[in-house]
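Here is how the chains run, residue by residue.
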Amino acid sequence: MVEIKVEDFNILIDKKEKYIQINDVQEVEKLFLLIKEKYKNYQIDFCYHNNIPPKIALKSIGAILLDDSLEMKLEKRNLIKQTDDGIIKVTKDNFELFAKCHDTKSLNMYWNSKRIFSTLDDWSIFMILANGEIIGYVLTAIWNLEEAEIYALVMPNAMVGITLLLKAVQDAFNRNHKKMLFMVENNTLEHLCSLEVSFKETGFYQSYRITL
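These remarks concern the structure in this document.

Here we look at the overall build of the chain
So, point 1. Regarding its fold elements, the chain presents six helices and eleven strands.
So, point 2. Relative to a compact globule of 212 residues, whose C-alpha radius of gyration would be 17 Å, the chain shows 18 Å and is just as compact.
So, point 3. Seen through its C-alpha atoms, the chain measures out along the principal axes to roughly 55 × 35 × 30 Å.
So, point 4. Here the chain, with 212 residues, has 44% of them falling under the buried criterion.
So, point 5. Only carbon and sulfur atoms are counted for the fraction: they give 50% of the accessible area of the chain, which is about 11,900 Å².

So, the pattern of salt bridges
So, point 1. Here the structure, examined in full by the defined rule, presents five salt bridges.
So, point 2. The partner of Arg175 in a salt bridge is Asp171, and the shortest N-O contact between them spans 3.0 Å.
So, point 3. In this structure Arg175 comes out as partly exposed when scored by relative accessible area, which is 38%.
So, point 4. What makes Asp171 buried here is its relative accessible area of 13%.

Focus: the packing of aromatic side chains
So, point 1. This structure, assessed with the given rule, holds twelve aromatic pairs.
So, point 2. With a centroid separation of 5.1 Å and 90° between ring planes, the pair formed by Phe98 and Tyr137 is classed as edge-to-face. Note that Phe98 is positioned in helix H3 (residues 95-105) and Tyr137 in strand E8 (residues 133-141), a separation of 39 residues in sequence.
So, point 3. The class for Phe98 is buried, based on a relative accessible area of 0%.
So, point 4. The exposure class assigned to Tyr137 is buried, which follows from its relative accessible area of 0%.
So, point 5. Between Trp111 and Trp143 the ring centres are 5.9 Å apart and the planes differ by 45°, which places this aromatic pair in the tilted class. Highlighted residues: Trp111 in the loop between H3 and helix H4 (113-118) and Trp143 in the loop between E8 and strand E9 (147-154), separated in sequence by 32 residues.
So, point 6. Trp143 gets classed as partly exposed once you look at its relative accessible area, which sits at 41%.
So, point 7. Through pairs of rings, three or more aromatic residues link up here, namely Tyr19, Tyr110, Trp111, Trp123, Trp143 and Tyr151.

Calculation criteria
- Residues numbered from 1 in each chain as written.
- Predicted model: local features only at pLDDT ≥ 70, side-chain atom pairs only at ≥ 80, totals over all residues.
- Heavy atoms only, no water.
- Helix = DSSP H or I, 4+ residues; strand = E, 2+ residues; numbered from the N terminus.
- Rg over C-alpha atoms; globule rule 2.2 N^0.38 Å.
- Buried < 20%, exposed > 50% of the residue type's maximum accessible area, 1.4 Å probe, protein only.
- Areas by Shrake-Rupley, 256 points an atom, 1.4 Å probe, with all protein chains shown as cover.
- Salt bridge = Lys/Arg side-chain N within 4 Å of Asp/Glu carboxyl O.
- Phe/Tyr/Trp six-rings, centres within 6.5 Å; stacked < 30°, edge-to-face > 60°.

Any link to function would need more than the numbers given here.
Structure, rendered in structure tokens:
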């Protein structure tokens, strides 16, 4: 993804994927007029981190709410230890099993199995199986050396979710990450599991999407 300046705006563009990410822009209508003709058929995400979105302006251009999340963080000093019984690490050798599950359970995620596999060293993935099938998995981005981020936690119940979350946390801290980030929707199972593992709410995030 390349950062490009459009007049007074800095936007992130991935031409190969026909994708644009725009962060914390309030003058939505002005920017939209500058890019809507040049980037036809592009998918655009307007992202706001601890910044209240201009909802009326976003609605006026046809953007719809994509993500409404709480920012949850855990520092290394809060690490809770557990055993690894029943938890399997995803590798190139068993990736096909994970890919099938991920592309079904996380259908709308940008990071589909194809993109993850092409950058597998940037990820730490753990899963739990039952009768040869995945019942839960956790997907963590580890490319930021300071802060690892959980991108997906899929589970049938809180017990499996907490088990996987604890494993992801242990793994990241063993890699010397100092913090863990997990974006969750309020009052969801993911949110409740993060609280059980001592994550703390530190902010919020909203994004809106439109396809030109």
